[in-house]
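Descriptive analysis of the structure
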Amino acid sequence: MKKLYKIMRSMAMVVGLLCFSISLLAQERTVSGTVTDETGGGMPGVNVLVKGTSTGTVTDTEGNFKINVSGDDATLVFTFVGYASSEIIVGARSVMNIQLTPDVQTLSELVVTGYAMQEKKDLTGSVGTVKSSDLVQVPSGNVTSQLQGRVAGVTVSNDGRPGSVSKVRIRGFSSFGNNDPLYVVDGVPTQDISTLSPNDIENFSVLKDAGAASIYGSRAANGVVLITTKKGSNNGVKVNYNMYLGSQDPGKGPDFLLNTQEYADLQWKVYKNDGTDETHPIYGKSTNPTPTLPSWAGDTDWYKTITRKALVMNHDLSLSGGSQNSTFYVGMNYYKQDGIVIKNFSQRFSARVNSEFKMAKSRISIGENFTVTGRTGNGVAGTGAEGSPIQTVYAIQPIIPAVMTQSVEGISHNYVPGEYGGNGIAVRLGNGSNPYANAIRNGADRQQDVRVLGSFFLGAKIIEGLNFKTTFGGTYGSFYNTNWAGSTYENAENQATASYNETSGYGGDWVWTNTLTYDKTFGDHKLLLVAGYEAVKYGIGRGVSAARADYFSDSFAFRTVTNGAKITDGSSYYNTPSTLASMFARADYSFKDKYLLSATVRRDGSSRFAPANKYGTFPSVTAGWRVSEEGFMSGVEVISSLKIRGGYGTMGSQLNLDPSNQFSLYGGGIADANYDLTGAGSSSLKGFRQTRIGNTAAKWETQITTNIGFDAGFLDNKLQLSVDFYTKKSNGLLVLVPLSSLYGAADAPYKNIGDTKNTGIDLQLGYRTDITPDLKLDVNFTFTHYKNEIISYAGGDLNYFDSQIISTRIGSFNRNQVGQSMGAFFGYKVIGLFQSDSDVENSAKQDGAEPGFFKYADINGDGVITPDDRAFIGNPNPNFTYGLNVGLTYKNFDLTAFLVGSQGNDIFNYNKWWLDFWPSFQNQKSTDLLYNSWTPENPGASTPKASNKSNFSTNTQSNSYYIEDGSFARLRTLQIGYNFPSELTNKIGINKARLYVQGVNLFTITKYSGLDADVNNATSDTAFGVDLGNYPLVRQYLVGVNIGF
Amino acid sequence: MRKFNIKAGIVLGLVLVLTNSCSDSFLEVTPNGALDQKVLATKDGVNALLIGAYAMIDGVSGNGFGWEAASSNWVYGSIRGLEANKGTDAGDQPDINPIQKYTETATNPYLSVKWGSIYDAIARVNQVLNVLAVAEADGAISAEDADSFRRQARTLRGFYHLEAYKLWVKIPYVDETTNLDEVTNADSEQTVNVDKIIADLDAGTTLPNDMDQIGRFNGTVAKVLKAKALMQMKKDYTGAKTLLADVITNGKDSEGNEIGFEPKYGDIFDTEKRNGVEAIYTVQYSVNDGSGGWNGGWGEVLNFPYKSGASPGGCCGFFIPSGDLVNSFKTKPDGLPYLDNTYNNAPLKNDQGLTPKQAFTPDGATPLDPRLDWTVGRRGIPYLDWGVHTGSDWIRDQSYSGPYSPKKQVYKKSQEGKLTEVGNWTSGWTANGYRLIRYADVVLLLAECQIETNDLAAARSNVNRVRGRATNPDGFVKNADESGPAANYVISIYPTGGASDPFSSQASARVALMMERKLELGMEGHRFFDLQRWGVVQSELNRILTTYEGGIRSGLYGIGVTVGPEDVTFPIPQGQIDRMKGRLEQNR
């Protein structure tokens, strides 16, 4: 918006000055005044025109104007881009103070699109935009998280870990591999925008269909997000400071876990159910009426032990300004978020410099946009990997003290008070390690990185309307990680000696873009032509890792690789980069502002493909009809604007293809190809194996999209509705072919053997009204629906593949099969629990069947439960997701409530495997298992009988018992702000001062039993929706200020 | 407009020139960090590929094959053969449970990994032969080297196929000429496949014995493997007998050293004697070599006692010897085993159900085969140099798995950190390589051939050679103060003639041989495949389950477990059948 503001203002000044010089000749009376914006601030550059004449002027930097009028009946017209124009009869006044109000219709009028900027009314493709002010309402260090619920068609799932990136999907997902959108930041394409400071963002456009995105050709299939960062304006220096400070509250955590006494009671219940007679090593003889607890027994609330109220803090300082021929914007950001898990944190410092210089009578402009970001943090595994903090809360028994308070002779160690407790105190304490000890031992581990992202550009005006621009940009990043695995004593399975690992590497890419733009209006004909050439090299990088073990001391200062006695790792990698050379063109034509036509084409050449398949061409064509401009619509007053648009086009993807896919390669590491031929016992000879089977026939993934939609405004554009219907057919998806093992275990080649289809609806509804002059309402609603289906896979030979996020104890839950949605849950369908021996007898034959255990559906009716009886038991894809933003301003107060939600998605709650089955390592268990599980007296239970039997009918299979409804609605933020009156702040030299308080994630409505229904499974789209003990989003309370000088 | 055209034309022209002049070379990016086949087509390159093929002998590999695929076959040979329980607790590695209960399905992940490991190994061998052919065509390798490499590679290929045969019988055979898009495991091909496997192993029999490096296959190894293949696949005892007799007479290890009996039974399993006189082929494990444990017995890493610090390994309590195995070591007062299957009638006393603090004294009266306490760790008996086994604190969940601990693969305390991997969650990665072929195994195989060819006196003599070594009192486990044997060890050789000489008839000789393999090779991964070869899988396992083991381990076996006719093999992984639609048939 600011860029637009700047351009329009300079144009208006030129026109205005011209007019002013003419009006001097008329010698009429003078009217003066001040134009202010909705906040009361003076508006510079507002065009003031005497209606019906060519007399006009432009307001100065304070918003003041002076104009000559012919008499009292003269009408002044105030216009400014983004604001409703105002016509006022002068009357007898000689001083006129005018306040302009923003125009909903035209506010987002200029939109960044592929290699161009366009007026929104001229758009024919499907483009979603977000205001940067909306984005920063959600206090997050990451733009991806702020995007949730903001744009129809965009699905975001979050991860609560500090510094983490949310998963962003545009219009569902179609590929079996990487479905991340392409981000283009100031012309630099990247897959990673986590280093951007949200406050530096000016424009945010999401190109959703081929009509909008296919100019990005082979990388557009997952959607394209265009981001431009803030620029200075040439009217003096502005300083802005924004900050917030808050606390994240971990809350009570899971309320379904047992305490120490309950856990012992559960053991007794298991003994009773199984008829076991033994002496329990902790609780005594099983024939005793009740278990006895040892003196060392703790009653640890592990969630409470490892979590804390955690700080979140953000500071933004920006300076911007400029003169006639130069502008600058300098932004600095410091963001720190402590994790709710102790020792866990992420902090980021970033600095941005954007500037632009004009020369040769403004025919040449030159400039740069750069940001450098440094991050440091102490991360935790969050995907639910065993041993990650939240997972461990579900694993470790409450009887284990976090820290010992008395001496105990343990099985592997004799504990003294002050030492960590652990499952080494006695047998039968499960396999969960002490997460408190782990967090403290790993507390000094650091992940650090520095990344630069930016570009230089040079623009030249060749003739009026024809501009040339060349941009060279890229990213460069390096990282340094340290990882200490200290020796342990508290576990039953201890690490005898410490080991230490350091990892470092760098990576980068560059892009060089040249475009010619021709933008001109000839009478009723408006034309925008863009032609360009682009060269990209990406995936450059190397890295090194070294580790040693056997450290003399655990001291922090001693931690260098050198100080370890035995080398356990010394390795490096050397990426194979990819190159892309492309030509592209677009043409946008409109006739009488009513009939719109747009065509784009891109031809990409990529190094990832063998010579015969190197080049791909991706065309699109779209058209629009602004019905409301037709004469026959002039009588329909309720409809203020209506545009129907539609398009068809193709896009490509190559993200899933390894850069080496076309080559057959040999290699091999120590762990997979070496053999100790000499029998030395401590060294092995270098061996090789085939590491990759090449495929020269791989081609681009192609996506064909059709989109039809309309944009309508009602009631003077107070109500705005935008709806899109789309179909995306993805053909020739690159799949890592699951070859028969007879081919060996070399990396299989990607082949174009899958087709998927996505259909969906994006809906965006806005309503904005002044209820009273002081009370203003602004409501925005986004609705996203997609449905994906696998159409074919492996040419019909094998019609499914299984996928898992991480290795689990019972295999994979997600199956991708033709005719199903991607990532659908697969397993046995539980139709109840066996109630009696006769029930077992009369049911289909099932391994491990006994009363109280799962009874599976005999899908094929053959009287025996076999793998053929597995079925699709759930779908992690939502029916729809939505976001609702309500903004209210009353005088100087403002209130914003933002609600996001997801409806109809299933979650596979894998935590139940640990909690609801006794033999799952005899770790922490659920209250359900103790109080609500099956017994002959409680036949209606859904939780199976508490038993130490681990078999097909209990805990070894994926089945529908784990499936839960994952729908949720969450109040993402609630913010109340107060703008100090400008009369007050001006006295101390402040233009604008605002104070706000905010609550984040204040409530979530869900039936899901786990900690957080917003389950994020990183980047995988073939396996997701599985709760593995994920790091939850928690409540936050913040205060913040916005100050402008 | 004319001005526009010229300027625009110039710029467009520039763009086009840029586009066309540099794009072709710009778009050629060669891979980093890897080699292509041409670079490897030399003697050293082929040798390195051959090392890569040897690297799969342990079954495990960092590129995706873990303990499921261990060639020690602790799951498929020992657990399936009822020598051992899975151990740990009920929910740990639950995919072993159905294998132990004879209810595994074709989707069991263990079988999938095992299959993948074996056929990856075969693919590696075939790559050796492919690249070798290129090197030969280029004249980059001498005929002598090429011949040695080819024979080693073919022996490996035969070995890997034999492993696959043991589990699935109905297998596809793959060599360097096989069209992988057409290969099948149809019944009609099985006879041919068996002959191809034997031919591959035969190719190695002319290798010299001294291969310079202990880890290479030599002529002796190939002869044993060929004999095993003849016995397992063709019941060709005559052919096998010739080969095995030759090995006993002329066999050497791969560095050309003599082979024979290790004088003390327990020393066979000492890490430092892994390539000792008993070893015909030991899989070479190496630790602290930068592989992160992958070359150090990854396949057996779970199989150490549970109690960290005071017992070896520190993880994970798997592979617990079964009660039936332990009782089998009871001897009659004359030092001979109970060949009438009555050994379970009075089970050996153990500490089941007791905590370490509750007093327990091991049985000091019942006569026992001394090999018991080198095969099984049990309460009250010294456990290598780790002190006396203290019972249930060495076991993860005694009520589930039983009271015993594995012992043969375990390293000594004095070897920790030197012959074990350091700096990781367990010290159970060791240099104690799996004894793939040891001398006593060969002697017993020869005895078996002699029984089947009715040369019973020679068979008795060979069985007695094996028993004779075990009678050496220097080789008995000593009690904690070294004052005497840790138990009442009584063992003798079979007499010639008389009531207690089973070698009087072929049928009773078979029984003695079967028992001797159980006692001598217990917990070494052979049992199930021995039963398979003898055709007694169902009868023997059902006998053990119904008369004893099923009763004491009801929590593990549930109600009424039986071994059916299909359980003689394992099902072919369903995922593989799906990937080779119509060409790979299920074996049942």
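Below: a short report on this structure. The structure presented is a predicted model; accordingly, all values stated were derived computationally and were not measured.

The subject of this paragraph is the overall build of chain A. The number of helices and strands found in chain A is 14 helices and 55 strands. Considered along the principal axes of its C-alpha atoms, chain A spans approximately 110 × 65 × 65 Å. Classification of the 1045 residues of chain A by burial places 58% in the buried group. When contacts within chain A are restricted to residue pairs at least 6 apart in sequence, long-range pairs at least 24 apart make up 69% of them. Of the roughly 38,800 Å² of accessible surface on chain A, 57% is carried by carbon and sulfur atoms.

Glancing now at unusual backbone geometry. Of note, Arg 428 of chain A is a non-glycine position whose phi angle comes to about 70 degrees, a positive value. Mapped onto the fold, Arg 428 of chain A is located in the loop between β25 (414-415) and α9 (435-441). Phi is positive for Tyr 102 of chain B, which is not a glycine, with a value near 60 degrees.

We describe a pair of aromatic rings using the distance from one ring centre to the other and the angle between the two ring planes. Residue and element names in this part refer to chain A. By the definition in use, this model includes 71 aromatic pairs over all chains. Each ring, one from Phe 176 and one from Tyr 793, has its centre 5.8 Å from the other, and the planes form 90 degrees; the classification is edge-to-face. A residue pair is termed long-range when its members are at least 10 positions apart, and Phe 176 in the loop between β12 (167-170) and β13 (182-185) and Tyr 793 in strand β40 (residues 775-793) qualify at 617 residues. Judged by relative accessible area, Tyr 793 falls into the buried class, the value being 2%. Consider the rings of Tyr 476 and Tyr 506, whose centres lie 6.1 Å apart with planes at 25 degrees: the pair is stacked.

Chain A puts 103 residues into the contact, and the matching count from chain B is 114 residues. Between chain A and chain B the total buried area reaches about 8,700 Å² when both faces are included, carbon and sulfur atoms providing 60% of it. Contact with chain B buries area across many residues of chain A, yet Tyr 666, Tyr 675 and Leu 742 of chain A alone supply 10% of it, more than any other trio. Taken together, chain A and chain B are joined by 3 salt bridges.

So, about the sheet that holds strand β50 (residues 963-965) of chain A. With respect to topology, 3 strands assemble into an open sheet ordered β50-β49-β54 (chain A), the strand pairing being mixed. A single partner strand is all that each edge strand has here, and the edge strands are β50 and β54 (1026-1027) of chain A.

Our focus in this paragraph is the state of the cysteines. All names here are of chain B. Inspection of the entire model under this criterion finds 1 disulfide over all chains. Here Cys 315 pairs with Cys 316 through a disulfide, and the sulfurs are 1.6 Å apart. Its S-S torsion of about 85 degrees marks the bond between Cys 315 and Cys 316 as right-handed, since a negative value means left-handed. Residue classification places Cys 315 among the buried positions, given a relative accessible area of 1%. A relative accessible area of 5% places Cys 316 in the buried class.

Right, let's talk about the sheet that holds β13 of chain A for a bit. All names here are of chain A. Read from one edge of the open sheet, 5 strands run β10-β15-β16-β13-β14, paired in mixed fashion. Looking at the sheet topology across the chains shown, the edges are occupied by β10 (127-129) and β14 (188-190). When the angles between neighbouring strand axes are averaged without regard to direction, this sheet yields 25 degrees. Summarising the sheet, strand β15 (residues 201-207) and strand β16 (residues 224-229) pair through 6 bridges and their orientation is antiparallel. Across the sheet, residue Leu 207 finds its bridge partner in β16, namely Val 224.

For the rest of this paragraph, the subject is the nonpolar core. Counting residues in hydrophobic clusters, the biggest one holds 165 residues, and the most contacted among them are Ile 57, Trp 74, Tyr 160, Trp 168 and Tyr 281 of chain B. If you look at the next biggest cluster of nonpolar residues, it comprises 38 residues, including Ala 264, Trp 268, Ile 282 and Ala 402 of chain A.

Residue and element names in this part refer to chain B. In the contact formed by helix α16 (residues 506-520) and helix α17 (residues 527-534), the axes pass within 10 Å of each other and the chain directions differ by 165 degrees. The pairing of α16 with α17 is recorded here as roughly antiparallel in orientation. Viewed along their axes, α16 and α17 form a crossing whose handedness is right-handed. Of the residues in α17, those touching α16 at Leu 513, Met 514, Arg 517 and Lys 518 are Arg 527, Asp 530, Arg 533 and Trp 534. Its residues assigned to classes, the contact of α16 with α17 comprises 3 nonpolar, no polar and 5 charged.

Bringing the packing of helix α14 (residues 439-452) of chain B against helix α15 (residues 456-470) of chain B into the picture now. All names here are of chain B. For the pair α14 and α15, interaxial distance at closest approach is 7 Å and the crossing angle is 160 degrees. Judged by the angle between their axes, α14 and α15 are roughly antiparallel. The chirality of how α14 crosses α15 is left-handed. Residue-level contacts link Tyr 439, Ala 440, Val 443, Leu 444, Leu 446, Ala 447, Gln 450 and Ile 451 of α14 to Leu 456, Ala 458, Ala 459, Asn 462, Val 463, Arg 465, Val 466 and Arg 469 of α15. Classifying every residue of the contact of α14 with α15 by side-chain character gives 12 nonpolar, 2 polar and 2 charged.

This paragraph deals with the pairing of strand β47 (residues 880-890) of chain A. All names here are of chain A. Examined bridge by bridge, β40 and β47 share 10 bridges and lie antiparallel to one another. Note on β47: the bridge partner recorded for Phe 781 is Leu 884. Sheet analysis places β47 next to strand β48 (residues 893-903), joined by 11 bridges and oriented antiparallel. Directly across from Thr 889, in β48, lies its bridge partner Asp 894. Here β47 hands over to β48 after 2 residues, with Lys 891 in that stretch at a positive phi of 50 degrees.

Thresholds applied
Residues numbered from 1 in each chain as written. Chains lettered and ligands numbered in written order. Predicted model: local features only at pLDDT ≥ 70, side-chain atom pairs only at ≥ 80, totals over all residues. Heavy atoms only, no water. Helix = DSSP H or I, 4+ residues; strand = E, 2+ residues; numbered from the N terminus. Buried < 20%, exposed > 50% of the residue type's maximum accessible area, 1.4 Å probe, protein only. Contact = heavy atoms within 4.5 Å. Areas by Shrake-Rupley, 256 points an atom, 1.4 Å probe, with all protein chains shown as cover. Phe/Tyr/Trp six-rings, centres within 6.5 Å; stacked < 30°, edge-to-face > 60°. Buried area = accessible area lost by both parts, 1.4 Å probe. Salt bridge = Lys/Arg side-chain N within 4 Å of Asp/Glu carboxyl O. Pairing = 2+ DSSP bridges. Disulfide = S-S within 2.5 Å. Axes fitted to C-alpha atoms, helices over the stretch in contact; angles between N-to-C directions. Core = buried A, V, L, I, M, F, W, Y, C linked by side-chain atoms within 4.5 Å. Parallel < 35°, antiparallel > 145°, perpendicular 65-115°, else oblique. Left-handed = near helix turned anticlockwise from the far one by under 90°. Nonpolar A, V, L, I, M, F, W, Y, C, P; charged D, E, K, R; others polar.

Distances and angles like these do not, on their own, reveal function.
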